[in-house]
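Observations on the model geometry
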Amino acid sequence: MSIEFSERLQQLPPYLFVEIDKAKRAAIAEGRDVINLGVGDPDQPTHPHIIEAMKKALDDGNNHHYAFDAGLPALRKEISAWFKNRFNVDLNSDNEIYPLIGSKEGLAHLPLGIINPKDKVLLTDPAYPAYRPTIQFAGGKIANIPLKASGDFLPDIKKLESVTGAKAIVINYPNNPTAATATKEFYTDLVRICREKNIIIISDMAYSEVYFDGQKPISILEIEGAKDIAIEFHSFSKTYYMTGWRIGWACGNPTLIAALAKVKTNYDSGIFQAIQVAAITALKTDPRIIEDMRTVYQERRDLFINGLRSIGWKITPPKATFYVWAKIPKNFSNSMEAAKTFLEKADIVATPGNGFGEAGEGYIRMTLTVSKERLNEAIERLKKVI
Ligand SMILES: Cc1ncc(COP(=O)(O)O)c(C=O)c1O
């Protein structure tokens, strides 16, 4: 019998990073000293008090069973308190908050609950690659909205004014890969347009706490009327160094939350309860640990950007996230060529911008998730290839 992937899977575009992944694995297997600036995963371990809370929760047999789909009421209440404290937005913990097995899981399942075949979904280009396939799995047709440096990597409001027939728009600020943040003016215009045109706003705020120079990103739910049309996704992953734990939440419009909840009921059986208990501890933590996390990345950002400047590569410093989104140096003709050369000649892994969409061509993404020593070493090596 010959087994074929479903048409759904076959319609996905080829994976762009195959070659670079192969070269990376080969370099590591050869024992080369590879500096990985490709991963969006903090290098620090989870804070000890969160691990302690998890250990205690593991010993409690009550946590060993199927969890409630909607998560522990205590977790939803704590999320509500955290949100009020951070964004001054009131969320009803009964129907406006839904814990997730990581924000990616929720982002992936939501389209199945709200998108019908052939519905038009607006998606920024470049974008975090996880959005596209799940919209396509739901049968949605993607219309790209280019993000340009000249527009601060925000969708052009004038173009959005003239959009017709769209069901939803996906936005992500602070943004992966461009590291841009959204302004209150942009969100206000977006909410107005989407309310007029009946467009659902799906906002991904996984990097809400990774920001620099005291410039706190705002939530779209702070905008008046946003809760009529918007759902926002949040994550413990980057804020508390908990990427592997798999926990996040969706919040906002209760009907959108209900749609996501109904899909999830058919796919999973909740989040391991011990992880939920540890997540409550995380949310209650003194916010100074989050400040410390920002200081770590801000110091690395300044060192890396200044170091690259000193070797002739001038890059706009990121305002948020731990990504550096840089125009490729002039001696390269495209993103892939730059990424390949970095790996082959400098043992540095970086992500070619075209992997995030066509508009990412001409850029390369490097992460600040390695130590200052390694960033210094990376600058030394890059000196020889740019
Ligand atoms: C923009 C963006 N959204 C969501 C996620 C997923 O985060 P989580 O660990 O909560 O699933 C990531 C992970 O890198 C991301 O970059």
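No experiment lies behind these values; they were computed from the predicted model shown. (Residues numbered from 1 in each chain as written. Predicted model: local features only at pLDDT ≥ 70, side-chain atom pairs only at ≥ 80, totals over all residues. Heavy atoms only, no water.)

Take helix α10 (residues 273-284) next. Its twelve residues give α10 an end-to-end C-alpha distance of 17 Å, which sits within 8% of 16 Å, the value for a rise of 1.5 Å per residue. Considered for burial, the residues of α10 that qualify are Gln 273, Ala 274, Ile 275, Gln 276, Ala 278, Ala 279, Ile 280, Ala 282 and Leu 283. At its buried positions, α10 is contacted by α3 (48-59), α4 (73-87) and β8 (248-252). (Helix = DSSP H or I, 4+ residues; strand = E, 2+ residues; numbered from the N terminus. Expected span 1.5 Å × (residues − 1). Buried < 20%, exposed > 50% of the residue type's maximum accessible area, 1.4 Å probe, protein only. Contact = heavy atoms within 4.5 Å.)

A separate point is the sheet that holds strand β9 (residues 323-327). Pairing within the open sheet is antiparallel, and its three strands lie in the order β9-β12-β11. One side of each edge strand has no neighbouring strand; the edge strands of this open sheet are β9 and β11 (351-352). Here helix α12 (residues 335-346) sits on the sheet and contacts β11 and β12 (363-367); the angle it forms with β12, its principal contact strand, is near 40°. (Pairing = 2+ DSSP bridges. Axes fitted to C-alpha atoms, helices over the stretch in contact; angles between N-to-C directions.)

For β12, a buried count of five out of five residues is recorded, marking the element as mostly surrounded by other parts of the structure. Here β12 shows no split at all, with Tyr 363, Arg 365 and Thr 367 on one side and Ile 364 and Met 366 on the other all buried. Bridging between β9 and β12 involves five bridges; their strand directions are antiparallel. Bridge pairing links Ala 326 to Ile 364 in β12. In this structure, β11 lies alongside β12, joined through two bridges in antiparallel fashion. For Pro 352, the partnering residue across the bridge sits in β12 and is Ile 364.

Viewed as axis vectors pointing N to C, helix α11 (residues 288-310) and helix α13 (residues 372-383) meet at an angle of 15°, and their least axial separation amounts to 10 Å. Accordingly, the angle class assigned to the pair α11 and α13 is roughly parallel. The chirality of how α11 crosses α13 is right-handed. Touching Glu 299, Arg 300, Leu 303, Phe 304, Gly 307 and Leu 308 of α11 are Lys 372, Leu 375, Asn 376, Ala 378, Ile 379 and Leu 382, all from α13. (Parallel < 35°, antiparallel > 145°, perpendicular 65-115°, else oblique. Left-handed = near helix turned anticlockwise from the far one by under 90°.)

The next point concerns a positive patch on the surface. On the surface, Arg 309, Lys 314, Lys 327 and Lys 330 cluster together to form a positively charged patch. Looking at where Lys 327 falls in the secondary structure, it is placed in strand β9. Overall, the relative accessible area of 54% leaves Lys 327 in the exposed class. (Patch = residues over 30% accessible without salt bridge, like charges linked within 9 Å, V, L, I, M, F, W, Y side chains within 5 Å. Areas by Shrake-Rupley, 256 points an atom, 1.4 Å probe, with all protein chains shown as cover. Salt bridge = Lys/Arg side-chain N within 4 Å of Asp/Glu carboxyl O. Lys, Arg positive; Asp, Glu negative; His and termini not counted. Charge placed at Lys NZ, Arg CZ, Asp CG, Glu CD.)

The next point concerns the site of the ligand. Within the structure, the ligand sits among 14 residues, and Asp 204, Tyr 207, Ser 235, Ser 237 and Arg 246 are positioned closest to it. One of the backbone nitrogen or oxygen atoms of Lys 104 is found 2.9 Å away from an oxygen atom of the ligand. Contact between the ligand and Ser 237: an oxygen atom at 2.6 Å from a side-chain N or O atom of the residue. For the ligand, whose unbound accessible area comes to 400 Å², protein coverage reaches 92%. Tallied by class, the residues present in the shell around the ligand amount to four nonpolar, six polar and four charged. (Near = heavy atom within 4 Å. Polar contact = N/O pair within 3.5 Å; in protein donor to acceptor, adjacent residues only side chain to side chain. Nonpolar A, V, L, I, M, F, W, Y, C, P; charged D, E, K, R; others polar.)

Next up on the list: the environment of Leu 72. Residue placement: Leu 72 occurs in the loop between α3 and α4. Overall, Leu 72 belongs to the buried group, its relative accessible area being 15%. Each C-alpha atom, one on Leu 72 and one on Gln 273, is 7.7 Å from the other, the two residues being 201 residues apart in sequence. Filtering out sequence-adjacent residues up to four positions away, Leu 72 remains in contact with Gln 273, Gln 276 and Val 277.

With that out of the way, let us pick up the pattern of salt bridges. Counting across every chain of the model gives 25 salt bridges. Residues Arg 192 and Glu 161 are paired through a salt bridge, measuring 3.2 Å at the closest nitrogen-oxygen approach. Taken together, the residues span a long stretch of sequence, with Arg 192 in helix α8 (residues 184-197) and Glu 161 in helix α7 (residues 157-161) at a distance of 31 residues. Residue Arg 301 is joined to Asp 302 by a salt bridge in which the shortest nitrogen-to-oxygen separation is 3.0 Å. Judged by relative accessible area, which is 6%, Arg 301 ranks as buried. Put simply, Asp 33, Arg 374, Glu 377 and Arg 381 are held in one network by salt bridges that share partners.

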